[in-house]
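Fold and contact review
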Amino acid sequence: MKKYILLLLVAALLPLRAYSQTLHTESYKSTPEWHTYKVLRACGWTSLGVGVTAMGAGVFLGLAIASIEGGKKAWPGAVVFSSGAVLTAASIPLLVTAYRYRSKAKKSYISIGATRLTAPDLSPTYASTPALSLSITF
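Attention here is on the structure that accompanies the text. This is a predicted model, so every value here is computed, not measured.

1. Side note on a positive patch on the surface
A cluster of like positive charges, contributed by Lys29, Lys38, Arg102 and Lys106, occupies part of the molecular surface. Tracing the sequence through the fold places Lys29 in the loop between strand E1 (24-26) and helix H2 (32-68).

In structure tokens:
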């Protein structure tokens, strides 16, 4: 008899707890597309930063060597500048692909939400009831 009363009490109090909480989770951040987006974004921005820095260093290196040695021995600056330009150019497709994966991850996810639905009652007050929503987006 005690177990039955305890079970009835738990069954009566659980909906009250769920009624008072607001729940909203988006699970798109746990998808493989989101992980790919994070990796590609990190690689793209790193490539862009290193490439721009290398281009600047190549210009200064080329100018420094050209002013000291003459114009014929300034090729190390051109090599550093060229490698920086290649890294900068490679960062653009990485970032474009990363943001495509982000939009793909956000398009396909499952969202769970809890809210209150209010509706006008026969009296001048509003009646509210808890509602649970499940949204699967592709």
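2. A word on H2
Taking 1.5 Å of rise per residue, 37 residues should cover 54 Å, and H2 covers 53 Å from first to last C-alpha, within 8% of that figure. Where H2 is concerned, the buried positions are Trp34, Tyr37, Leu40, Gly44, Ser47, Gly51, Ala54, Gly58, Gly62 and Ile65. Tucked into the core, H2 has its buried residues touching helix H3 (75-107). Just downstream of H2 lies Gly70, where phi reads positive at about 115°.

3. A closer look at a nonpolar patch on the surface
A cluster of nonpolar side chains, namely Val59, Phe60, Leu63 and Phe81, defines an oily patch on the protein surface of about 410 Å² accessible area. Among the elements that take part in the nonpolar patch, H2 stands out by supplying 3 residues, more than any other. Within the secondary structure, Leu63 is located in helix H2.

4. Side note on the environment of Leu61
Examined against the element boundaries, Leu61 turns out to sit in helix H2. Owing to a relative accessible area of 34%, Leu61 belongs among the partly exposed residues under this scheme. Note: C-alpha distance between Leu61 and Trp75 (14 residues apart in sequence) is 9.4 Å. What Leu61 contacts, discounting residues up to four positions off in sequence, is Pro76, Gly77 and Val80.

5. What to know about the environment of Arg116
Secondary-structure assignment places Arg116 in strand E2 (residues 109-120). Overall, Arg116 belongs to the partly exposed group, its relative accessible area being 48%. Each C-alpha atom, one on Arg116 and one on Pro130, is 4.4 Å from the other, the two residues being 14 residues apart in sequence.

6. Regarding the packing of H2 against H3
Where H2 meets H3, the closest approach of the two axes is 6 Å, and the angle between their N-to-C directions is 160°. By the angle class used here, H2 and H3 are roughly antiparallel. Once H2 is placed against H3, the crossing between them reads as left-handed. A breakdown of the residues in the contact of H2 with H3 according to their chemical character gives 26 nonpolar, 11 polar and 5 charged.

7. Digging into the packing of aromatic side chains
Inspection of the entire model under this criterion finds 2 aromatic pairs. Where Trp34 meets Tyr37, the ring centres are 4.9 Å apart and the plane angle is 50°; that geometry is what we call tilted. Placement of both Trp34 and Tyr37 in helix H2 is noted, with a separation of 3 residues, approximately one turn of the helix. Pair check on accessibility: Trp34 and Tyr37 agree, each one buried.

8. Here's the deal with the side chain of Thr88
Positionally, Thr88 belongs in helix H3. Residue Thr88 is classed as buried on the basis of its relative accessible area, which comes to 17%. Reaching out from Thr88, the side chain makes a polar contact with the backbone nitrogen of Val52 at a distance of 3.4 Å. Leaving out residues up to four positions away in the same chain, Thr88 has contacts with Ser47, Leu48, Gly51, Val52 and Met55.

Rules and cut-offs
Residues numbered from 1 in each chain as written. Predicted model: local features only at pLDDT ≥ 70, side-chain atom pairs only at ≥ 80, totals over all residues. Heavy atoms only, no water. Patch = residues over 30% accessible without salt bridge, like charges linked within 9 Å, V, L, I, M, F, W, Y side chains within 5 Å. Areas by Shrake-Rupley, 256 points an atom, 1.4 Å probe, with all protein chains shown as cover. Salt bridge = Lys/Arg side-chain N within 4 Å of Asp/Glu carboxyl O. Lys, Arg positive; Asp, Glu negative; His and termini not counted. Charge placed at Lys NZ, Arg CZ, Asp CG, Glu CD. Helix = DSSP H or I, 4+ residues; strand = E, 2+ residues; numbered from the N terminus. Expected span 1.5 Å × (residues − 1). Buried < 20%, exposed > 50% of the residue type's maximum accessible area, 1.4 Å probe, protein only. Contact = heavy atoms within 4.5 Å. Axes fitted to C-alpha atoms, helices over the stretch in contact; angles between N-to-C directions. Parallel < 35°, antiparallel > 145°, perpendicular 65-115°, else oblique. Left-handed = near helix turned anticlockwise from the far one by under 90°. Nonpolar A, V, L, I, M, F, W, Y, C, P; charged D, E, K, R; others polar. Phe/Tyr/Trp six-rings, centres within 6.5 Å; stacked < 30°, edge-to-face > 60°. Polar contact = N/O pair within 3.5 Å; in protein donor to acceptor, adjacent residues only side chain to side chain.

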